[in-house]
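Here is how the chains run, residue by residue.
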Amino acid sequence: MADTSQRPRRRTSRRRDARSARPTGPVSPLTYGLAPLEALREDQVEEIHRASMKLLSENGMLLIDYPPALERLRSHGVKVEGEMAWIDEDTLMHFVNMAPSTFTLLARNRANDLPVGGDRIIFAPVYGPAFAMDLDNGRRPSTLEDFHNFAKLTYMTPELHHAGGVLAEPNDIHVDERHLDMLLGHLTLNDKSHMGSVIHSDFARDTVTMDEIVFGADAIRRDPASLSIVSISSPMRMDERMLSVLEVYAEAKQAMILASFIIVGAMSPTTLAATIAQQNAESLFAIAYAQMVNPGTPCIQGPFLPNVDMKTGSPAFGTPENALANIAGGQLARRYNLPYRTSACNAANTVDAQATYETQMALWGATMGHGNAIYHAAGWLEGGLVASFEKLIIDVEMMQMMAEFVEPLVVNEETLAIEAMREVQPGGHYFGTSHTMERYDSAFYSPVVSDWTNFENWKEAGGLDAAQRANAIWKQAINDYEQPPLDPAILEELEEYVERRKRELIGADAVLR
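Residues numbered from 1 in each chain as written. Predicted model: local features only at pLDDT ≥ 70, side-chain atom pairs only at ≥ 80, totals over all residues. Heavy atoms only, no water.

1. As for the overall build of the protein chain
Thinking step 1. When helices and strands are tallied, the protein chain shows 18 helices and 19 strands.
Thinking step 2. Taking 2.2 N^0.38 as the reference for a compact globule, 513 residues should give roughly 24 Å; the C-alpha atoms of the protein chain span a radius of gyration of 24 Å, in line with that estimate.
Thinking step 3. Taken along the three principal axes of its C-alpha coordinates, the protein chain extends 80 × 55 × 50 Å.
Thinking step 4. Counting over 513 residues, the protein chain shows a buried share of 56%.
Thinking step 5. Put simply, 77% of the contacts in the protein chain that link residues at least 6 apart link residues at least 24 apart.
Thinking step 6. With the model as given, the accessible surface of the protein chain reaches about 21700 Å², and the carbon-plus-sulfur share is 53%.
Thinking step 7. Taking the average place of the 44 positive charges on the side chains of the protein chain and the average place of its 69 negative ones, the gap between the two points comes to 2 Å. (Helix = DSSP H or I, 4+ residues; strand = E, 2+ residues; numbered from the N terminus. Rg over C-alpha atoms; globule rule 2.2 N^0.38 Å. Buried < 20%, exposed > 50% of the residue type's maximum accessible area, 1.4 Å probe, protein only. Contact = heavy atoms within 4.5 Å. Areas by Shrake-Rupley, 256 points an atom, 1.4 Å probe, with all protein chains shown as cover. Lys, Arg positive; Asp, Glu negative; His and termini not counted. Charge placed at Lys NZ, Arg CZ, Asp CG, Glu CD.)

2. Section: the pairing of strand β2 (residues 61–64)
Thinking step 1. When β2 meets strand β4 (residues 84–86), the two strands line up antiparallel, connected through two bridges. Paired with M61 across the two strands is A85, which belongs to β4.
Thinking step 2. The pairing of β2 with strand β11 (residues 237–239) spans three bridges and is classified as parallel. Looking at β11, one finds that L63 is bridged to M238. (Pairing = 2+ DSSP bridges.)

3. Looking at helix α4 (residues 144–156)
Thinking step 1. Taking 1.5 Å per residue as the helical rise, α4 with its 13 residues ought to reach 18 Å, and the 18 Å between its terminal C-alpha atoms agrees with that figure.
Thinking step 2. In terms of burial, α4 is largely enclosed, as ten of its 13 residues are buried.
Thinking step 3. Those residues of α4 lying buried are L144, D146, F147, N149, F150, A151, L153, T154, Y155 and M156.
Thinking step 4. Where α4 is buried, its residues contact β8 (131–134), β9 (138–141), α5 (178–189), β19 (386–388), α12 (389–405) and α17 (466–480). (Expected span 1.5 Å × (residues − 1).)

4. Topic: a nonpolar patch on the surface
Thinking step 1. On the surface, L409, V411, L416, I418, M421 and Y430 cluster together into a nonpolar patch covering about 560 Å² of accessible area.
Thinking step 2. With respect to the helices and strands, Y430 occurs in the loop between α14 (418–423) and α15 (434–437). (Patch = residues over 30% accessible without salt bridge, like charges linked within 9 Å, V, L, I, M, F, W, Y side chains within 5 Å. Salt bridge = Lys/Arg side-chain N within 4 Å of Asp/Glu carboxyl O.)

5. Observations regarding the sheet that holds strand β10 (residues 227–232)
Thinking step 1. Pairing in this open sheet of three strands is parallel, and the strands run β10-β12-β13 from one edge to the other. The open sheet is flanked by β10 and β13 (299–300), the only strands paired with a single partner.
Thinking step 2. Looking at chain direction, β10 and strand β12 (residues 255–260) are connected through six bridges and run parallel. Note on β12: the bridge partner recorded for S231 is A259.
Thinking step 3. Against the sheet, helix α8 (residues 240–251) makes contact with β10 and β12, and its axis sits at roughly 150 degrees relative to β10, the strand it touches most.
Thinking step 4. Helix α9 (residues 272–293) rests against β10, β12 and β13 of the sheet, and its axis sits at about 150 degrees to β12. (Axes fitted to C-alpha atoms, helices over the stretch in contact; angles between N-to-C directions.)

6. Quick word on unusual backbone geometry
Thinking step 1. At the junction of S234 and P235, the peptide bond is cis and its omega measures out at 5 degrees in the coordinates.
Thinking step 2. A positive phi angle, close to 55 degrees, is found at K253, a residue other than glycine.
Thinking step 3. Within the chain, H376 stands out as a residue other than glycine whose phi angle is a positive 55 degrees.
Thinking step 4. Note that H376 resides in the loop between β17 (373–375) and β18 (380–381).

7. Things to note about the side chain of N322
Thinking step 1. Following the sequence through the fold, N322 ends up in helix α10 (residues 320–335).
Thinking step 2. Residue classification places N322 among the buried positions, given a relative accessible area of 5%.
Thinking step 3. Engagement of the side chain of N322 in a polar contact is seen with the backbone nitrogen of G318, the distance being 3.5 Å.
Thinking step 4. Non-local contacts of N322, meaning those with residues more than four positions away in its chain, are made with L305, P306 and A362. (Polar contact = N/O pair within 3.5 Å; in protein donor to acceptor, adjacent residues only side chain to side chain.)

8. Observations regarding the pairing of β8
Thinking step 1. Relative to β9, β8 runs antiparallel, the two being bridged by four bridges. Bridge pairing in β9 places A132 opposite R140.
Thinking step 2. Turn length for the β8-β9 hairpin, with the two strands adjacent in sequence and antiparallel, is three residues.

9. Section: the pattern of salt bridges
Thinking step 1. As enumerated under the stated definition, the model contains 22 salt bridges in all.
Thinking step 2. Linking E247 and R72 is a salt bridge whose minimum nitrogen-to-oxygen distance equals 3.7 Å. Note that E247 is positioned in helix α8 and R72 in helix α2 (residues 67–75), a separation of 175 residues in sequence.
Thinking step 3. On the basis of relative accessible area, R72 is assigned to the partly exposed category, the value being 23%.
Thinking step 4. Measuring nitrogen to oxygen at the nearest pair gives 3.0 Å for the salt bridge that ties E504 to R500. Of the two residues, E504 and R500 are both situated in helix α18 (residues 488–505); the distance of four residues between them amounts to about one turn of the helix.
Thinking step 5. According to the relative accessible area criterion, E504 is partly exposed, its value standing at 39%.
Thinking step 6. Because the salt bridges share partners, they merge into one network encompassing D206, R500, R501 and E504.

This is the structure in structure tokens:
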């Protein structure tokens, strides 16, 4: 419903100047001003819920190579035989209901703390690529320098409320120690909330310890300092790594996204209803287990559901099915009063029209489905294999446009502008009215990348396309970057910890068992 009393928000209040590369201050997570779109009727939501309960109570979950989880489940009344576990609805929902509906993520700059859940929206960048790409250097295995540059760009971009996690794999750093370099980069090059490492339980402990150095042990147990993704291995399976990492974060009461990465048609049936029921079951099981470990652990539901291309076997992103799943998943999360994660991805191999329209399709589903944490929202390319510098900037444009779209339409005396309409005679114009002059610099959306000049002026200015303009913008941002301040004593302790842990890890073959 439109607010009929508040004054209209000036559109420049939340955004930087369109061509500025410098952040304008604390991040400002968005608030949904529009009702969520619904892909399912209420009775269909309940039918999917019942299917999920059947999967968990009749088919069961396979938990491999981790007896402690089986013992914990058995102690809470869950039926366990071998490595299989079956949980009934009453037991499951008893624990799921312990997860908070909202929570706050700590940031090193406390002005950047993030409210999670409810009607809030958080955008976060690409996560997990092994390659980086830009117009100058092409596609290449990503390095620590690439990771650092993406961390700087994320800090410089107010539309990205969260710093993310593995922005680009630093392939030039040993796999046993690179998580330390990435965590140190997040905590020093950025001052927003960050993600933790999930490769190994020891690496998760490193995340907790480094956050304790920055925030204090008690502080991060009141409000989480990290948000990490622990993915279920579909169909209906979790292993030692997933369960042990989950336990580390739950014991420290750190936030987790507990959800499936399902390629529809390969890891689930081809029908969306069946896939949504399966991912719902998997996610709720993991959330319930986290509450068994530590009641009140912040958990986010939200699947990752690309579908398979039946011609090639490749995952397809930004499809109509993906957008519908984003919307339907939000309805399930709201049924359980849980925060909801979703994403905005594409399968394009370069920064082109396909990359943009697939991302936009997914972003519409994510936003209209009321995703609270929208991940992979900037920089994702090639099905997640590539982090693209130019794509990140183009995605910022789309996020910024979506941020304007979700604001409520204000209808009051000032916006109806009856007095201004009295000033202008039939057939006149409004360019010179006081109403227009008061708003000329903030009345409409101002783009970051788009060029709205005519053809002649565009051609005279070099005839640059969107990717070329984005290339100039991200390089200017890196040039303008200034590292946010950090207490020298905390920096010294972080660096000492990283150095000590690297000495312990390098050459220790047992680290990645």
